[in-house]
Amino acid sequence: MDLSQINPILLVASLMVAATPILLAAIGELVVERAGVLNLGVEGMMITGAICGFAVAVETGSPWLGFLAAAIGGAALSFLFVILTQFALANQVASGLALTLFGLGLSSLLGQSYVGIKPPPTPDLHIPLLSDIPILGPVVFSHDLILYLGIAIVAGVWALLKFTRAGLILRAVGENHDAAHALGYKVVRIRVMAILFGGACAGLGGAYISLVRVPQWTEGMTAGVGWIALALVVFASWKPWRVLLGAYLFGGITVLQLNLQAAGVAIPVEYLAMSPYVITIVVLVILSADKSRAPGSLGRIFHATS
Amino acid sequence: MTILRRTLLAGAAAVTALGMATAAGAQDDKTKVGFVFVGPVGDGGWTYEHNQGRLAVEEEFGDQVETVFVENVAEGPDSERVMTQMALNGADLIFTTSFGYMDPTINVAKKFPNVKFEHATGYKTAENVSTYSARFYEGRAIQGLIAGSMTESNIIGYIGSFPIPEVIRGINSAYIQAKKVNPDVQFKIVWVYTWFDPAKEADAAKVLIEQGADVVLQHTDSTAPQAAAQNAGGVYTFGQASDMYEYAPEPRISSIIDNWAPYYIERTKAVMDGTWESVSRWDGIGAGMVGIGEITSAVPDDVKAAALEMKEKIASGEMHPFTGPLKKQDGSDWLAEGETADDGTLAGMNFYVEGIEGEIPQ
């Protein structure tokens, strides 16, 4: 065992990269669930975003257009969920699962001709002064734009939910849609916007995998990240900063356990392999010991006449 | 006409979908061959090659066969459901193409005595269950020789999937040859506990590279480690299960290619002729089941020549990758001078050879 082989700077830098797809997908889903909608299609929207982003980035040579396309692709797929659950009043669980199935199939169809292609590189930012700070510079200030966008979205969602009238309305719709409706708020319209936002975030998260983290296109490449994001929202008790914490914890321990394995640490590999899941759950369960709970109308179908 | 409907579902959480076309009643005279895949057919590695084998069967027999496949089938109980469904839909022969399908295959085979099953890389057979595998370790030996010669940091990274005999055999085989050409070589082994998860495989490759590995061997199915090595630069990799030639000439400097087509055609023919019998087939480079992909220009000529010479010797049977004197990791004797390992030991291999650091997860 030789822990000195683990470079803490590289470790922190790579944990931020590993956590970003989960973070993006989870923060989007958090908004959706705070609006009272349970969308289990995160995995499907992520993988659709992954291929849309990859294809557009390859065709145009611009990773930024790729990420834009990924957000649009994810949102477009979530629009299907909107039609099913908000207008056709279908069951949200079933619709969400269907969305995942559909997204996985659609993405492998779209991706047929993109296997084995290298995407244009996503440049890392170099912020004058900040990036040059020893240690902190390479760790915190030398990533790509999307990684910071993820953190910014978390901060934005937090501020929106906590301080703004729009956030209050969103929460009202999620807590009790009948009451919100009686007060004259457009429940369906607000939910549609929340779902589209969630889809766009999931799409971005997917594209982050196919354009930055891996980077290549392979069928089924999200390999369950969407499900982890879903679980994270629950364990983070629907609070934005806890989602960030959970995502970094999960991403961090995933990378750390690989590092420990490679360094030959004397902990059985099985424990290392399960540690990201166990530790993330334990920490977030402890944190959620306060009286936070799920939004009151989560998963319930809203109909204006009822 | 072959009817195929792809499943739209990848193996996420506990969900696995099953979508298969039921043949019309009039097609009963056709031999129906089913394939159960662990990853997507577009993984560019393991499952891709099995699917090439399936396509070869269609090509060979044309209208006489109908093939169906289900991809992304999780190992374990879920696969049992998929196999049962295939058998109920009239499959005559079912290839189950991952180690973790072993017990499910045996279970389903008991329920359908008239359906023939072929399980890849396992060791349990029955009246109507054959096993087949390729001697990948022969290819691993050649990889080890090239890897040991190419590394400058003397650290070779190895991405392991699951600690099963097939994977351990590969590690040992590569290590023995790498050690022969480079006595200072060290293997860093990371277990990712998945056959297919590009993000995790990429992370593992990055970690190994960060910790000094300049050659990365993988026993997982996607091309993600190749992409990670390409991004890092100055790191060499090998195609796994498939040629992965899109990453040549660097980082991919050679590959092990599985060629299942001849076996699949032969076994389908046997079912058609009614001559099918339970066998345990284990073929290597000599029989053509294991191929070595082009060694690229990044490899010096003398190393390439040595690798090709080893390939010839293994193919002709002149050389066995596990030839004594060899000791186990704990220092106990395994093979005496000139002795070669028997297939039984190889099939159940659960120990590292002397010199490899770390423990095998049990």
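Residues numbered from 1 in each chain as written. Chains lettered and ligands numbered in written order. Predicted model: local features only at pLDDT ≥ 70, side-chain atom pairs only at ≥ 80, totals over all residues. Heavy atoms only, no water.

Let us now look at the overall build of chain A. On a plain count of helices and strands, chain A comes out with 12 helices and 0 strands. Its helices and strands taken in sequence order, chain A reads α-α-α-α-α-α-α-α-α-α-α-α from the N to the C terminus. Against the globule reference of 19 Å for 306 residues, chain A gives a C-alpha radius of gyration of 20 Å, in line with a compact fold. Along the first, second and third principal axes, the C-alpha set of chain A runs to 65 × 50 × 40 Å. Burial statistics for chain A: of 306 residues in total, 56% are counted as buried. (Helix = DSSP H or I, 4+ residues; strand = E, 2+ residues; numbered from the N terminus. Rg over C-alpha atoms; globule rule 2.2 N^0.38 Å. Buried < 20%, exposed > 50% of the residue type's maximum accessible area, 1.4 Å probe, protein only.)

All names here are of chain B. Along the chain, the position of glycine 331 falls in the loop between β13 (326-327) and β14 (333-335). Relative accessible area serves as the criterion here: at 31%, glycine 331 is assigned to the partly exposed category. The sequence separation of glycine 331 and valine 353 amounts to 22 residues, and the corresponding C-alpha distance is 8.5 Å.

In this section: helix α7 (residues 224-232) of chain B. All names here are of chain B. Restricting attention to buried positions, one finds in α7 the residues Ala224, Pro225, Gln226, Ala227, Ala228 and Ala229. Looking at the packing, one finds that the buried side of α7 touches β6 (155-160), α6 (198-210), β8 (215-218), β9 (236-239) and β10 (252-258). Just downstream of α7, glycine 233 is the residue with a positive phi angle, here 80°. (Contact = heavy atoms within 4.5 Å.)

A separate point is the domain arrangement of chain B. All names here are of chain B. Considered domain by domain, chain B is made up of domain 1 (25-134) and domain 2 (136-258 + 291-347). For domain 1 and domain 2, the distance between their C-alpha centroids amounts to 29 Å. Taken residue by residue, the interface counts 14 residues in domain 1 and 16 residues in domain 2. For the pairing of domain 1 and domain 2, the buried interface totals around 1,200 Å² over both sides, and the portion due to carbon and sulfur atoms is 61%. The largest share of the area that domain 1 buries against domain 2 comes from Trp46, Glu49 and Ala134, three residues that together contribute 40% of it. Seen at the junction of domain 1 and domain 2, the total is 0 salt bridges. Counting the contacts that link domain 1 with domain 2 gives 3 residue pairs in polar contact (both at pLDDT 80 or more). Contributions of two or more residues to the side of domain 1 that touches domain 2 are made by α1 (46-61) and β5 (129-134). A per-element tally of the side of domain 1 that touches domain 2 places α1 first, with 3 residues. Split into classes, the residues belonging to the side of domain 1 that touches domain 2 amount to 6 nonpolar, 5 polar and 3 charged. (Domains from an automatic or database assignment. Buried area = accessible area lost by both parts, 1.4 Å probe. Salt bridge = Lys/Arg side-chain N within 4 Å of Asp/Glu carboxyl O. Polar contact = N/O pair within 3.5 Å; in protein donor to acceptor, adjacent residues only side chain to side chain. Nonpolar A, V, L, I, M, F, W, Y, C, P; charged D, E, K, R; others polar.)

Before going further, it helps to examine the interface of chain B and chain A. On the side of chain A, 36 residues touch chain B, which itself brings 41 residues to the contact. Together, the buried faces of chain B and chain A total about 3,200 Å²; carbon and sulfur atoms form 57% of this surface. Taken together, the links from chain B to chain A amount to 1 salt bridge. At the junction of chain B and chain A, the tally comes to 8 residue pairs in polar contact (both at pLDDT 80 or more). Looking at the side of chain B that touches chain A, the elements with two or more residues in it are β7 (186-191), α6 and α7 of chain B. The element that contributes the greatest number of residues to the side of chain B that touches chain A is α6(B), accounting for 10 residues.

It is worth spelling out the sheet that holds strand β12 (residues 290-293) of chain B at this point. Residue and element names in this part refer to chain B. With respect to topology, 6 strands assemble into an open sheet ordered β7-β6-β8-β9-β10-β12, the strand pairing being mixed. Each edge of the open sheet carries a strand with a single partner, namely β7 and β12. Shown here is a sheet whose adjacent strand axes are inclined to one another by a mean of 20°, direction ignored. Taken strand by strand, α6 contacts β6, β7 and β8, and its axis lies near 160° from that of β6. Its contacts with the sheet put α7 on β6, β8, β9 and β10, and the angle it makes with β9 is roughly 160°. (Pairing = 2+ DSSP bridges. Axes fitted to C-alpha atoms, helices over the stretch in contact; angles between N-to-C directions.)

Looking now at the packing of aromatic side chains. Geometry of an aromatic ring pair is reported as the spacing of the ring centres plus the angle between the planes. Residues and elements named next belong to chain B. Tallied over the full model, the rule gives 28 aromatic pairs over all chains. Ring centres of phenylalanine 162 and tyrosine 193 lie 5.9 Å apart, and the angle between their planes is 85°; on these two criteria the pair is classed as edge-to-face. In this pair, phenylalanine 162 sits in the loop between β6 and α5 (165-181) while tyrosine 193 sits in the loop between β7 and α6, placing the two residues 31 residues apart along the sequence. Following the ring pairs from residue to residue traces out a cluster consisting of Phe35, Phe37, Trp46, Phe69, Phe95, Tyr132, Phe136, Trp260, Tyr263 and Tyr264. (Phe/Tyr/Trp six-rings, centres within 6.5 Å; stacked < 30°, edge-to-face > 60°.)

Residues and elements named next belong to chain B. Sheet architecture is open: 6 strands sit in the order β2-β1-β3-β4-β5-β11, paired in parallel fashion. Of all the strands in the sheet, the pair left with one neighbour each is β2 (65-70) and β11 (280-283). Averaged over all adjacent pairs, the angle separating strand axes in this sheet is 15°, with direction ignored. Pairing analysis gives 4 bridges linking β5 to β11, with the strands arranged parallel. Of the residues in β11, the one forming a bridge with tyrosine 132 is arginine 281. Relative to the sheet, helix α2 (residues 77-88) contacts β1 (31-36), β2 and β3 (93-96), its axis offset from that of β1 by approximately 170°.

Turning our eyes to something else, we now look at the nonpolar core. If you look at the biggest cluster of nonpolar residues, it comprises 100 residues, and the most contacted ones within it are B:Ile146, B:Ile171, B:Phe187, B:Phe322 and B:Trp334. Looking at which element gives the most residues to this core, the answer is helix α4 (residues 136-150) of chain B, with 8 residues. Shared between two domains, this core takes at least three residues from each, and those domains are domain 1 (25-134) and domain 2 (136-258 + 291-347) of chain B. Contact partners of B:Phe322, with chain neighbours within four places excluded, come to B:Tyr137, B:Arg169, B:Asn172, B:Ser173, B:Ile176, B:Trp334, B:Leu335, B:Glu339, B:Thr340, B:Ala341, B:Leu346 and B:Met349. Residues A:Phe54, A:Leu77, A:Leu232 and A:Phe302 belong to the second largest nonpolar core, which totals 81 residues. (Core = buried A, V, L, I, M, F, W, Y, C linked by side-chain atoms within 4.5 Å.)

Residue and element names in this part refer to chain B. Tallied over the entire structure, the rule returns 12 salt bridges over all chains. Residue aspartate 78 pairs with arginine 81 through a salt bridge whose shortest N-O separation is 3.3 Å. With a gap of 3 residues between them, aspartate 78 and arginine 81 both fall in helix α2, about one helical turn apart. Residue classification places arginine 81 among the partly exposed positions, given a relative accessible area of 41%. One salt-bridge network, held together by shared partners, links Glu266, Arg281 and Asp283.

As for its position among the elements, A:Gly198 is in helix α9 (residues 187-213). Beyond its immediate sequence surroundings of up to four residues, A:Gly198 is in contact with A:Gly28, A:Val32 and A:Met45.

This part takes up helix α10 (residues 225-235) of chain A. Listed as buried for α10(A) are A:Val225, A:Gly226, A:Trp227, A:Ala229, A:Leu230, A:Leu232 and A:Val233. Taken from the residues just after α10(A), A:Ser237 is the one with a positive phi, measuring 40°.

Our focus in this paragraph is the packing of α10(A) against helix α12 (residues 269-287) of chain A. Residue and element names in this part refer to chain A. The N-to-C vectors of α10 and α12 enclose an angle of 25°; their axes lie 9 Å apart at closest approach. Looking at the two axes, α10 sits roughly parallel to α12. Judged by residue contacts, Ile228, Leu232 and Phe235 of α10 engage Tyr277, Thr280, Ile281, Leu284 and Val285 from α12. For the contact of α10 with α12, the per-class residue count stands at 7 nonpolar, 1 polar and no charged. (Parallel < 35°, antiparallel > 145°, perpendicular 65-115°, else oblique.)

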